[in-house]
Amino acid sequence: MTEVKEQVALITIFGGTGDLANRKLYPSLYHLFTKGFLKENFAVIGTARRPWTNDFFREKVVESLKGIEKEGFDPEEFASHFYYQSHDVTNRESYVELKDLSDELDKKYELQGNRLFYLAMAPNFFGTIASRLKSEGFVDNAGFSRLIIEKPFGRDLASAQELNESLRQAFDENEIYRIDHYLGKEMIQNISVIRFANSIIESLWNNRYIDNVQVTLSETLGVEDRGRYYEESGALRDMVQNHILQIVSLLAMEPPIKLTTQEIRHEKVRALRSLRVIEGDDVYKYFVRGQYGPGTVDGKELLGYRQAENVDSDSNTETFVAAKLMIDNFRWSGVPFYIRTGKRLAKKTTQIAIQFKNVPMNLFGPDQSLGGNVLVIHIQPDEGITLHMNVKEPGQGMLTMPVNLNYAHSSPDGMNTPEAYEKLIQDCLNGDATYFSHWDEVSLSWNFIDKVAAVWSNSKEHFPNYTSGTMGPKEADKLVSQDGFEWFE
Ligand code: NAD
C-alpha cells in the first residue's frame with residue numbers, strides 16, 4: 001500500500017479552460033482528493049484568457065467529474081478549492097493580479113508557500129510564462145516551486161535547447177518536470193519491477209538469451225483535428241523522440257544501484273548514449289516511414305492523411321515510423337530493438353514483446369516446430385504480462401503445445417488502474433521526478449532523432465504508402481523479416 005501523505009500546495013494551471021485541463025487534470029486532482037492526497041490545504045487557480053467567474057469555473061470543474069464521483073467526496077466541495085483568474089500570459093499586468101491571488105490563497109489555505117505551476121498550453125508560451133514567474137516574484141516563496149510542462153519539448157535539439165534555457169532562467173533542473181504521460185502508465189513503471197524483482201527475468205535479460213525486442217505503440221485513430229500540429233511534428237517527433245525512446249531506455253538500462261530518481265536517470269542516460277547513431281544513407285536501412293491513405297475500416301470509408309483538415313494535399317509528413325535500433329554495449333550488442341508506431345493502424349495497442357532465443361536443438365522435431373518463448377508486457381488497452389511457453393499436450397505421445405501464462409493487472413487488483421496524470425501529479429507534489437524526462441535524456445534523444453529527420457526532410461517519400469486499417473507499409477515487415485524475425489502480433 002502506498003502511504004497516503006497529504007500534499008499541501010497551490011496548483012496554478014495555465015490553460016485552465018483547455019481540453020487537457022478538463023479531460024485529464026481536474027479528474028486526476030479529484031482522484032487525489034478522494035484518496036486523501038489532497039484534503040484541506042490545497043487550492044487550484046485556473047487561468048486562461050476567457051473572462052470566467054469563480055462560480056462558472058467551479059461548475060465546469062464539477063462537470064468534468066461526471067461519472068467519476070465517489071461517495072463521500074462531494075465534487076462541489078472539491079471544486080470550492082478552485083479559483084479562476086482571467087489572464088493573458090503575454091501581458092505583464094495579468095501577473096500582478098495572479099500574484100495577489102496566489103498570496104491570498106497561500107494564507108487562506110496555509111499552503112506554506114508551496115507552488116506547482118502546470119503549463120497546459122501551447123509550448124510557444126512556455127518561455128514567456130517562466131520568465132514572468134521569475135520577474136514577478138512567483139518563485140521566491142518559502143516553499144517549493146515546481147513546473148510541469150507538456151510535450152512537445154522543442155521540435156529539434158536547437159529549439160529544445162532554447163526552450164530549456166528560457167525555463168532555466170526561473171527554475172532549476174530539479175524543479176522542472178517534463179511530463180511524458182507514457183511514463184505514468186502502470187505497466188511502464190512495472191518494467192523495473194518485472195526486471196529487478198525476478199531473478200529468472202533479469203538473468204536472461206541480455207544478448208545471450210534475447211533474440212530481439214519489439215515495442216509497438218499503434219493507434220487506430222487518424223490525425224483527426226490535429227492536422228496543423230501534426231504537419232509540424234509527424235510520428236517521429238510526436239512519438240519516437242519521447243515515448244518510444246523513454247521505453248527503450250527503461251528496457252535497456254543497467255540495473256541502478258538504488259531505485260532513486262538520480263540513479264535511474266543515470267542508467268537511462270547511459271542506455272541512450274549507447275544507441276547506435278543512424279545518419280545519412282543508413283537512415284533508409286534502419287528506418288521506415290509511412291503515411292496512411294484512405295481505407296475502409298468496419299465498413300466505414302475513411303479519408304487519407306492528405307485529405308485531413310489543415311494538412312497539405314502533397315504532405316511529406318510521416319504518420320508511421322518503424323525502426324531497428326541497436327544498443328552498442330556489452331549487454332545488448334547484436335540484439336535489435338524494433339520499434340513501430342503509427343496512426344490508422346489495424347489495432348490500438350501499446351505493448352513490448354521480448355523474444356527469447358530458441359532452444360539449441362528441437363528434440364521434438366522434425367514434425368513439430370517449437371514456438372519461441374516470448375514475454376509480452378501489455379501497456380494498453382490491457383495491462384499485464386504474458387509469458388508464451390511450450391508444454392506437453394496431455395495424453396499419449398510427446399506432442400507439444402503453446403500456452404500463455406497470464407497476469408492481467410485489471411482482474412486481480414480491481415478495475416481502477418490509476419490514470420497516468422494522477423500518478424505524475426502526485427509524484428511531482430512529492431518531489432519525485434523519476435518518471436519525468438531529465439534534460440540529458442531529452443537532449444540525447446533529439447540528437448538521435450534530428451539526424452533521421454534531416455534525411456527525411458530532404459527527400460520525398462511515395463506517400464501514401466499504407467492503407468488505413470492495416471499495420472503500416474510492407475517495408476516495415478521487411479525491416480524485421482530480413483533479419484529472420486517477424487512482428488509479434
Ligand atoms: P487547448 O487549446 O484546449 O487549451 C489551451 C489553453 O490555453 C486554453 O485554456 C486557452 O484559453 C489558453 N490560452 C491560449 N492562449 C492564451 C494566452 N495568450 N493567455 C492565456 N491563456 C491562453 O489545448 P490542450 O489540448 O489543452 O493542450 C495544452 C497543451 O498540452 C499543449 O501543449 C498540448 O500539446 C499538450 N497536450 C495535450 C493533451 C490533451 O489530451 N489535450 C495531451 C498531451 C499533451
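Within each chain, residues carry numbers counting from 1 in the order of the written sequence. Per-residue local features of the predicted model are confined to residues with pLDDT of at least 70, and side-chain atom pairs are confined, for both listing and counting, to 80 or more; whole-chain, interface and lining totals are unaffected and use all residues. Side-chain figures throughout are based on the complete set of non-hydrogen atoms in the structure, without hydrogens or water.

The chain is annotated in an unreviewed UniProt entry as Glucose-6-phosphate 1-dehydrogenase of Listeria newyorkensis. UniProt positions are given in the numbering used here, feature names are shortened, and annotations may be inferred rather than shown by experiment. Looking at the chain in UniProt, the text filed under Sequence similarities (unreviewed entry) is "Belongs to the glucose-6-phosphate dehydrogenase family." UniProt annotates the chain under Pathway (unreviewed entry) with the comment "Carbohydrate degradation; pentose phosphate pathway; D-ribulose 5-phosphate from D-glucose 6-phosphate (oxidative stage): step 1/3."

*Asks:* Even after reading the chapter, I still don't get helix α13 (residues 439–457), so can you show me in this structure?
*Replies:* The α-helix winds at 3.6 residues per turn, so residues separated by three or four positions along the chain end up facing the same way. Helix and strand definitions follow DSSP, with helices as H or I runs of at least four residues and strands as E runs of at least two, each counted in order from the N terminus. Any helix carries an expected span of 1.5 Å times its number of residues minus one. The end-to-end C-alpha distance of α13, which contains 19 residues, comes to 25 Å, matching closely the 27 Å that a straight helix rising 1.5 Å per residue would cover. The term bend refers to the angle at a residue between two fitted axes, each drawn through seven residues, those ending there and those starting there. Its maximal kink placed at I449, α13 deviates by approximately 25 degrees. For every residue, the accessible area (1.4 Å probe, protein chains only) is compared with the maximum for its type, and the residue is labelled buried under 20%, exposed over 50%, or partly exposed between those bounds. Where α13 is concerned, the buried positions are W439, E441, V442, S443, S445, W446, F448, I449, V452, A453, V455 and W456.

*Asks:* How should empty space enclosed by the protein be read in this particular structure?
*Replies:* In this approach the atoms are scanned with a rolling probe the size of a water molecule, which exposes any empty space left behind. Of the grid points, spaced at 1 Å and generated over the protein atoms alone, those admitting a 1.4 Å probe that cannot get out make up cavities, while open sets with protein on both sides within 12 Å along at least five of seven lines make up pockets; any residue with an atom within 4 Å of a point is treated as lining. Grid points are joined across faces, edges and corners, and a volume is the space filled by probe spheres set on the points. Inspection of the entire model under this criterion finds one cavity of 30 Å³ or more. The volume enclosed by the largest cavity comes to roughly 160 Å³. Along the walls of the largest cavity sit 17 residues, with F153, Q241, N242, S437 and V442 positioned nearest its centre. Looking at the lining of the largest cavity, the elements that each hand over two or more residues are α9 (227–252) and α13. Here the term charged refers only to Asp, Glu, Lys and Arg, the term nonpolar to Ala, Val, Leu, Ile, Met, Phe, Trp, Tyr, Cys and Pro, and the term polar to all other amino acids, Gly among them. Looking at the lining of the largest cavity, its residues break down into seven nonpolar, five polar and five charged.

*Asks:* Is there a simple way to think about the UniProt feature "binding site: NADP(+)" (unreviewed entry) in the chain in this case?
*Replies:* As recorded in UniProt, the sites labelled "binding site: NADP(+)" (unreviewed entry) are R49, D88, V89 and K151. Considering only the annotated residues already named, the ones lining the largest cavity are K151. Within the element layout of this structure, R49 appears in the loop between β2 (42–48) and α2 (54–63). The class for R49 is exposed, based on a relative accessible area of 65%. Any two residues whose heavy atoms approach within 4.5 Å at even a single point are treated as in contact. Apart from residues lying up to four places away in sequence, R49 is in contact with Y84, S86, H87 and D88. For D88, a relative accessible area of 28% puts it in the partly exposed group.

*Asks:* Sorry, what's going on with the packing of helix α1 (residues 19–34) against helix α12 (residues 420–430) here?
*Replies:* Any two packed helices are characterised by how steeply their axes cross, that is the angle between the axes, and by the distance between the axes. Angles run from 0 to 180 degrees between N-to-C directions of axes, and those axes are lines fitted to C-alpha atoms, restricted for helices to the stretch in contact. The contact between α1 and α12 brings their axes to 8 Å, and the two run at 65 degrees. You can see that α1 and α12 cross each other, and the crossing is right-handed. When α1 is examined against α12, the residues L20, K24, L25, S28, L29, H31 and L32 are found in contact with a partner set consisting of Y421, E422, I425, Q426 and L429. Of the residues belonging to the contact of α1 with α12, the class tally is seven nonpolar, three polar and two charged. Crossing handedness follows the turn of the near helix against the far one: under a right angle anticlockwise gives a left-handed crossing, and clockwise gives a right-handed one.

*Asks:* I keep staring at the site of the ligand and nothing clicks. Help me out?
*Replies:* Around the ligand, 20 residues are found, and the nearest of them are T17, D19, L20, R23 and M121. The definition of a polar contact used here is a pair of N or O atoms within 3.5 Å, where within protein one atom must be able to donate a hydrogen and the other to accept one, and adjacent residues in sequence count solely through side-chain atom pairs. One of the side-chain nitrogen or oxygen atoms of T17 is found 2.6 Å away from an oxygen atom of the ligand. The contact in question runs from an oxygen atom of the ligand to an N or O atom on the backbone of K151, over 3.4 Å. Here, Shrake-Rupley sampling with a 1.4 Å probe gives the accessible areas, and only protein chains in the shown set may cover a residue. Out of a free accessible area of 830 Å², the ligand has 76% covered by protein chains. With three residues, the single largest contributor to the shell around the ligand is α1. Residue composition of the shell around the ligand, grouped by class: nine nonpolar, five polar and six charged. Think of it this way: one heavy atom of a residue within 4 Å of a molecule or strand is enough to make that residue near it.

*Asks:* Looking at this model, I keep getting lost on the sheet that holds strand β16 (residues 384–392). Mind explaining?
*Replies:* Remark on secondary structure: sheet strands pair via backbone hydrogen bonds, oriented parallel or antiparallel. We treat two strands as partners when DSSP finds at least two bridges between them. Spatially, eight strands are ordered β8-β12-β13-β7-β14-β15-β16-β17 in an open sheet, and the strand pairing comes out mixed. At either margin of the open sheet sits one strand with a lone partner, and together these are β8 (287–290) and β17 (400–408). Each neighbouring strand pair of the sheet contributes to a mean axis angle of 15 degrees, computed without reference to strand direction. Two elements, strand β12 (residues 320–326) and strand β13 (residues 336–342), share seven bridges in a ladder whose sense is antiparallel. Each bridged residue has a counterpart across the sheet, and for K324 the counterpart in β13 is Y338. Strands β8 and β12 of the sheet are contacted by α13, whose axis makes an angle of about 60 degrees with β8. Lying on the sheet, helix α14 (residues 474–481) is in contact with β8, β12 and β13; it crosses β12 at an angle near 15 degrees.

*Asks:* Got a minute to help me understand the confidence of the model for the chain in this structure?
*Replies:* Predicted coordinates in regions of low pLDDT should not be interpreted in detail. pLDDT is defined as a per-residue confidence score from the predictor, taking values between 0 and 100. Of all residues in the chain, 98% have pLDDT values of 70 or greater, and the mean over the chain is 93. Across residues 411–417 the pLDDT falls below 50, and counting only partners more than four positions away or on other chains, this stretch makes six contacts in the model.

*Asks:* I tried to follow the sheet that holds strand β3 (residues 82–86) on my own but got confused; where do I start?
*Replies:* The parallel open sheet is built from six strands, whose spatial order is β3-β2-β1-β4-β5-β6. Looking at strand neighbours, the two that pair on one side only are β3 and β6 (176–178), the edges of this open sheet. For this sheet the average axis-to-axis angle between neighbouring strands, irrespective of direction, equals 20 degrees. Sheet topology places β2 next to β3; five bridges connect them, and they run parallel. Bridging across to β3, A48 finds its partner in S86.

*Asks:* Looking at this structure, I do not really get the UniProt feature "binding site: substrate" (unreviewed entry) in the chain. What am I missing?
*Replies:* Within this structure's numbering, the places UniProt gives as "binding site: substrate" (unreviewed entry) are H181, K185, E219, D238, K343 and K348. Position of H181 among the secondary structure elements: in the loop between β6 and α7 (186–196). Assessed through its relative accessible area of 21%, H181 is described here as partly exposed. Setting aside its immediate chain neighbours within four residues, H181 contacts H243, A420, Y421 and L424. Position of D238 relative to the elements: it lies in helix α9.

*Asks:* Hey, could you run me through the pattern of salt bridges in this one?
*Replies:* Close approach of charged atoms allows side chains with opposite charge to pair. The term salt bridge refers to a pairing of a side-chain nitrogen on Lys or Arg with a carboxyl oxygen on Asp or Glu at a separation within 4 Å. With the rule as written, the count across this model stands at 26 salt bridges. Put simply, E202 and R331 hold a salt bridge, and the shortest N to O gap is 3.1 Å. Of the two residues, E202 sits in helix α8 (residues 199–202) while R331 sits in the loop between β12 and β13, which places them 129 residues apart along the sequence. Side by side, E202 and R331 carry an identical accessibility label, which is buried. The closest approach of N and O atoms between R306 and D314, which form a salt bridge, is 3.8 Å. Judged by relative accessible area, D314 falls into the partly exposed class, the value being 41%. Each of K99, D103, D106 and R115 takes part in a single network of salt bridges with overlapping partners.

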